[in-house]
Every structure is written in structure tokens, then in C-alpha cells.
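Listed here are the chains, written in short residue letters.
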Amino acid sequence: MTSILVLHGPNLNLLGTREPEIYGATTLPEIDAGLRDQGAAAGAQVRCLQSNHEGALIDALQQAATNGTHAVVFNAGGFTHTSVALRDAIVACGLPVIEVHLSNVAAREEFRRVSLIAPVVVGSIAGFGRDSYRLGLEAALAVLRRTD
Ligand code: DQA
């Protein structure tokens, strides 16, 4: 069975109450439940994990490389703009990774316009609120189905 890891970085556990005008009112458990349902409808198992710690996110990527995970949907949160180590972990895991952001990072502060992980992911989806995750999972499944 296709296995997808959805990885959420720092502060995303606060979704629902954290700057709802930017990130929306949906909570992380609600987003995760929707992704699990979406995956099940497509015959895929979706596992979701959130951590505020860079090292735990790196551990999760390293484990994904060997535990049968086929692709990763990753919102690295603020680490997107700072973490060479996460970028290296994405490359090292050898899996297709889809970068997602709830907000349109290109339309926000200057420092958010730089993503250190963008060059090493399959593609990036940003600005669609919770739908960014839905589209990210759809993209991951499409990448795995790709034959051309
Ligand atoms: C975010 C955008 C980041 O710049 C920010 O630090 C986050 C959330 C998003 O989903 O829009 O924590 O990744």
C-alpha cells in the first residue's frame, strides 16, 4: 500500500489559534484527519507527524527513507527559511518531497521569500490555506503514479 508521511514543522501545532487571519481557523488534528480520509479514498496510508524540533524532523525524514514511506508532504514552517540541515535531510532521504505552506510565502516578509528547501523538493504549493495540504497530498500521489 502506498504510504505517505505528512510532516509539520514548528508552531503548526498551534493552528486554529495562531494568527488565524494568516493561517486559518482549522486545527492541525482537523487537517490531519482530512488528509487521512483523502489518502484512504485513494488507497494510500497517510501518517502525520508534527514537531517543533529540527532534529526530530530530521529523524523523521531519515526514518522515512527506510520504513517503507513512498513520499513526504512537508510544511517545514519557519525552518523553511533557515535550515540547511533539513535541506540536507530531504536530499539524503531520497524520497519525493512536496513542500507546502498555508500562506503565500512569496507575498509576505522578505525573509519568507527564501526557501532553502525549495531547490531539493519535487515542487512547492503555497497560499491555499488548508487546501495547500490537500493539493500537496494530491501532488504526492500523482508523482508516485507518474510513468512518463
Ligand atoms: C508557513 C510559512 C512560514 O513562513 C511560517 O514560519 C510558518 C508557516 C505556512 O504554512 O504558511 O510557520 O510554513
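Residues numbered from 1 in each chain as written. Predicted model: local features only at pLDDT ≥ 70, side-chain atom pairs only at ≥ 80, totals over all residues. Heavy atoms only, no water.

## Here we look at the packing of helix α3 (residues 54-64) against helix α4 (residues 84-93)
- Closest axis-to-axis distance for the α3/α4 pair is 9 Å, and the angle between their directions is 5°. Taken together, α3 and α4 sit at an angle that is classed as roughly parallel. Residues E54, L57, I58 and L61 of α3 pack against A85, L86, A89, I90 and C93 of α4.
- Grouping the constituent residues of the contact of α3 with α4 by class yields eight nonpolar, no polar and one charged. (Axes fitted to C-alpha atoms, helices over the stretch in contact; angles between N-to-C directions. Helix = DSSP H or I, 4+ residues; strand = E, 2+ residues; numbered from the N terminus. Parallel < 35°, antiparallel > 145°, perpendicular 65-115°, else oblique. Contact = heavy atoms within 4.5 Å. Nonpolar A, V, L, I, M, F, W, Y, C, P; charged D, E, K, R; others polar.)

## Considering the pairing of strand β4 (residues 97-101)
- Among the five residues that make up β4, five are buried, leaving the element largely enclosed by the rest of the structure.
- On β4, burial covers both faces: V97, E99 and H101 on one face and I98 and V100 on the other are all buried.
- Both strand β3 (residues 71-75) and β4 contribute to a ladder of three bridges, which runs parallel. What sits directly across from V73, in β4, is I98.
- In this structure, β4 lies alongside strand β5 (residues 123-126), joined through four bridges in parallel fashion. Paired with H101 across the bridge in β5 is A126. (Buried < 20%, exposed > 50% of the residue type's maximum accessible area, 1.4 Å probe, protein only. Pairing = 2+ DSSP bridges.)

## Observations concerning unusual backbone geometry
- Notably, N11 is not glycine yet its phi reads approximately 75°, a positive angle.
- Topologically, N11 is positioned in the loop between β1 (2-8) and α1 (20-23).
- Residue E19 is not a glycine yet carries a positive backbone phi of 35°.
- Within the secondary structure, E19 sits in the loop between β1 and α1.
- By relative accessible area, E19 is classed as partly exposed at 35%.

## A closer look at the site of the ligand
- Residues in contact with the ligand, as listed here, are R18, Y23, N75, G77, G78, H81, H101, L102, S103, V105 and R112.
- L102 is positioned such that a nitrogen or oxygen atom in its backbone is 2.8 Å from an oxygen atom of the ligand.
- Here an oxygen atom of the ligand and a side-chain polar atom of S103 are 2.6 Å apart.
- Here the ligand loses 98% of its free accessible area of 320 Å² to cover by the protein chains.
- When atom positions are compared with the pocket grids, the ligand is found to occupy the largest pocket. (Near = heavy atom within 4 Å. Polar contact = N/O pair within 3.5 Å; in protein donor to acceptor, adjacent residues only side chain to side chain. Areas by Shrake-Rupley, 256 points an atom, 1.4 Å probe, with all protein chains shown as cover. 1 Å grid on protein atoms, 1.4 Å probe; cavity = no way out; pocket = protein on both sides within 12 Å on 5 of 7 lines; lining within 4 Å. Sits in = over half its atoms within 2 Å of the grid points.)

## Section: the packing of helix α2 (residues 28-41) against helix α5 (residues 131-145)
- Closest axis-to-axis distance for the α2/α5 pair is 10 Å, and the angle between their directions is 30°. Taken as axis vectors, α2 and α5 run roughly parallel relative to one another. The crossing of α2 and α5 is right-handed. On α5, the residues touching I31, L35, Q38 and G39 of α2 are Y133, R134, L137 and E138.
- Of the residues belonging to the contact of α2 with α5, the class tally is four nonpolar, two polar and two charged. (Left-handed = near helix turned anticlockwise from the far one by under 90°.)

## Comments concerning the side chain of T80
- Inspection of the secondary structure assignment puts T80 in the loop between β3 and α4.
- Reaching out from T80, the side chain makes a polar contact with the backbone oxygen of G77 at a distance of 2.6 Å.
- Contacts of T80, omitting those with residues within four sequence positions, involve E99, H101, V114, S115, L116 and I117.

## Quick look at the nonpolar core
- Among the nonpolar cores identified, the biggest contains 21 residues, and I4, L15, L35, L102 and Y133 are the most heavily contacted of them.
- Secondary-structure elements contributing two or more residues to this core are β1, α2, β2 (44-50), β3, β4 and α5.
- Of the residues forming this core, the biggest block, five residues, is contributed by α5.
- Leave out the neighbours within four places in its chain, and L15 touches Y23, T26, T27, L28, I31 and L102.
- Of all hydrophobic cores here, the second largest spans 19 residues; its members include V72, A89, V97 and V121. (Core = buried A, V, L, I, M, F, W, Y, C linked by side-chain atoms within 4.5 Å.)

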